[in-house]
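Report on the structure
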Amino acid sequence: MNHQPTFKTSPAKRPLHQRLTPAAWALIGVAVLVALLAVVGAALTLGGRRSTEVWWTPTPTATATATPNPTVGPTATPTAWYEGMISPTPEPTPAYPAWWSDQMTQDQDGNWWPPEEVTEMVRQHFVEAEQAHYKYLVEAKPPDIDGYRAVLARYRIGAELESRQGYLDSLQAGINGISWGEWEDGCFYQVQEWSEDGLECTLGQTCSNGTAYEYDYTGQLVWSEHRDLSGLILWRMRYDPTDGRWKIAQFLQFIAPPGQ
């Protein structure tokens with residue numbers, strides 16, 4: 001007689017889909033639906049971007065275009081990246097500043113005047129300039145033109161320095177002569193027409209009872225002449241704070257003596 005088993009299969013032995021309860025199946029359906037909605041929403045978001053928005057870096061495609069004619073105009077000067085970072089170089093402090101600049105006084109006619117010792121310094125430095133002319137061009141035989149050229153900047157400045165250098169060039173070429181005068185009664189110097197800062201003035205020179213000489217470029221005497229007066233020569237003088245000297249800056253005018 002065959003024996004028939006009477007026991008049922010244990011729930012643990014059943015397949016998974018048979019072991020899930022109706023509530024579990026409902027939760028799984030909800031999760032699948034949420035995932036599908038998320039995918040659809042992302043697709044709609046990407047597809048709905050405006051055509052003008054670039055959300056990736058496109059690779060440009062080379063396209064042949066007509067080249068316009070260049071317009072001629074000023075070229076912009078590029079600004080160096082370091083501009084504004086470097087401070088301008090300050091002006092160096094002069095070795096011999098004009099201490100009298102803040103001591104200038106003004107008379108009732110509006111003329112400016114420095115302390116008298118400054119006026120005397122102008123006269124002294126002018127006389128030294130004339131002595132250098134005599135030493136190198138008259139006393140030296142033949143004239144020491146190169147030696148005079150080497151010290152010229154000590155006595156002259158600006159336009160007069162350039163003019164004097166040109167004079168030495170022509171003298172060296174045998175074109176000009178050398179003038180000089182010796183005056184028994186000496187020379188008189190008047191200093192006036194001061195600038196407000198005291199750095200420029202006009203010097204007038206006149207001499208009397210002497211002899212004027214003219215030499216050629218070799219130092220040979222060409223002619224001489226006695227004169228009662230030299231005439232009035234006006235020079236513009238300028239102070240040079242780099243070496244503390246007054247220098248001849250410009251020839252202004254020659255006024256011949258009466259009767260000439």
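Scroll up to find the structure this text is about.
Residues numbered from 1 in each chain as written. Predicted model: local features only at pLDDT ≥ 70, side-chain atom pairs only at ≥ 80, totals over all residues. Heavy atoms only, no water.

1. Brief notes about the pattern of salt bridges
Within the structure shown, the criterion is met by 10 salt bridges. Measuring nitrogen to oxygen at the nearest pair gives 3.1 Å for the salt bridge that ties Glu120 to Arg123. Of the two residues, Glu120 and Arg123 are both situated in helix 3 (residues 116–139); the distance of 3 residues between them amounts to about one turn of the helix. Across the pair Arg156 and Glu160 runs a salt bridge whose closest N-O atoms are separated by 2.9 Å. Of the two residues examined, Arg156 and Glu160, each falls in the buried class. (Salt bridge = Lys/Arg side-chain N within 4 Å of Asp/Glu carboxyl O. Helix = DSSP H or I, 4+ residues; strand = E, 2+ residues; numbered from the N terminus. Buried < 20%, exposed > 50% of the residue type's maximum accessible area, 1.4 Å probe, protein only.)

2. Quick look at unusual backbone geometry
In this model, Lys141 is joined to Pro142 through a cis peptide bond whose omega is 0 degrees. Secondary-structure assignment places Pro142 in the loop between helix 3 and helix 4 (145–151). Of note in this structure, Glu193 is not a glycine but carries a positive phi near 55 degrees. In this structure, Glu193 sits in the loop between strand 4 (187–192) and strand 5 (200–215). A relative accessible area of 51% means that Glu193 is categorised as exposed.

3. As for the side chain of Arg164
Take Arg164: it is sitting in helix 5 (residues 158–172). No salt bridge forms around the buried Arg164; measuring N to O, its nearest opposite-charge neighbour Glu160 is 4.4 Å away. Aside from chain neighbours lying at most four places away, what touches Arg164 is His133, Tyr148, Leu152 and Arg156. (Lys, Arg positive; Asp, Glu negative; His and termini not counted. Contact = heavy atoms within 4.5 Å.)

4. Let's talk about the state of the cysteines
Formally, a disulfide is one covalent bond, and it connects the sulfur atom of one cysteine to the sulfur atom of another. In the structure shown here, the tally under the stated rule is 1 disulfide. Between Cys187 and Cys207 runs a disulfide, and the two sulfur atoms are separated by 1.9 Å. On the sign convention where negative is left-handed, the bridge of Cys187 and Cys207, at about 100 degrees about the S-S bond, is right-handed. Placement of Cys187 in strand 4 and of Cys207 in strand 5 is noted, with a sequence separation of 20 residues between them. (Disulfide = S-S within 2.5 Å.)

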